[in-house]
Structures are given as structure tokens and as C-alpha cells.
Amino acid sequence: MPGIFSAFVATLITVPMVGYLAVFIISKQISGNHRRSVNLAIDFSTLLLVLSVHFLIITIWGKSFLWLILLVLFGLAAIFVLIHWKYKEEIVLPKVFKGFWRFNFLLFFSAYVILVLFGLFQRLTLLFV
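Presented here is an overview of the structure given in this document. The structure displayed is predicted, hence computed values, not measured ones.

A word on the nonpolar core
Turning to step 1, where the next piece is worked out: In terms of nonpolar packing, the biggest core is built from 19 residues, with Val53, Ile69, Leu73, Phe108 and Leu115 touching the most fellow members.
Turning to step 2, where the next piece is worked out: Here this core gets 8 residues from one element, more than from any other, and that element is helix α3 (residues 34–61).
Turning to step 3, where the next piece is worked out: When sequence neighbours within four positions are dropped, the list of residues in contact with Leu115 reads Val53, Leu56, Ile57, Ile60 and Trp61.

Observations concerning the environment of Val96
Turning to step 1, where the next piece is worked out: Relative to the assigned elements, Val96 resides in helix α5 (residues 93–128).
Turning to step 2, where the next piece is worked out: Here the alpha-carbon distance between Val96 and Leu21, two residues 75 residues apart in the chain, equals 26 Å.
Turning to step 3, where the next piece is worked out: If we skip the residues at most four places from it in the chain, Val96 touches Phe80, Val81, His84 and Ile91.

Concerning the side chain of Ser37
Turning to step 1, where the next piece is worked out: With respect to the helices, strands and loops of the structure, Ser37 is situated in helix α3.
Turning to step 2, where the next piece is worked out: The buried category is assigned to Ser37, whose relative accessible area is 0%.
Turning to step 3, where the next piece is worked out: Excluding anything up to four places from it in sequence, Ser37 contacts Phe24, Ser27, Lys28 and Ser31.

Reading guide: rules and limits
- Residues numbered from 1 in each chain as written.
- Predicted model: local features only at pLDDT ≥ 70, side-chain atom pairs only at ≥ 80, totals over all residues.
- Heavy atoms only, no water.
- Core = buried A, V, L, I, M, F, W, Y, C linked by side-chain atoms within 4.5 Å.
- Buried < 20%, exposed > 50% of the residue type's maximum accessible area, 1.4 Å probe, protein only.
- Helix = DSSP H or I, 4+ residues; strand = E, 2+ residues; numbered from the N terminus.
- Contact = heavy atoms within 4.5 Å.

Have a look at this one:
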């Protein structure tokens, strides 16, 4: 049983879109609400994307840059709080966190795609050289 669980978690981290699709399909079947299902799937897969980017960086360069990922996350959170305070003159943490988390989905999805393409290109060029 632990082997099955670890294989499932490894699959979700390696291919986070599997997690996105699984959460979307299950949520859509339960709620019937498409928009809510998409938002829930995005919220869940953001964490998977952050972990995937971390492990892709380790695979490509052989070093952990988790400190840099955390620095980016905290820096973006501070920027989101500052922008929200500047425009609304009061900080509503649930709204700030939602915007911050969805922006991280876009950022880390882009980083994931770029790193996968870079890793493939790097491995293929080493293969043919």
C-alpha cells in the first residue's frame, strides 16, 4: 500500500496536469458547477506545480533552488498585499490570497512548461552529440 501511495504522489508531482484533471473531473461530478470545478482544480494544482518546478530544477541542474522559489513566493505575496492596499486602502486577506495563489498558478505553469521543454532539449542535444 505505501508503494502505491508513493507512486501516486510521484505521478502527481511529475505530471501535475494529471492532478488538475482528477480534481476537475471529481469536482465536476460532485458539484455539477464547471466554474467552481476549474477554480478548485487550479487551486489544488498550484501546489503540485510549485513542487514540480522544484524537482525539475533539481533534475536539470542537480541543485535545489527551493530557497529561491520560497523567496519568489514571499516576494510576490508582499507585492500583492502592497498593491491591494494601494488600490483598496484596506487589506482583505482572502481576496489577496486568492489573487496571489491564482497568479502563482500562471507563473509556475509557465515555469513548468519552459523547464520541461528546456530539459527535453538539453537531453536530446546530449543524446545526439
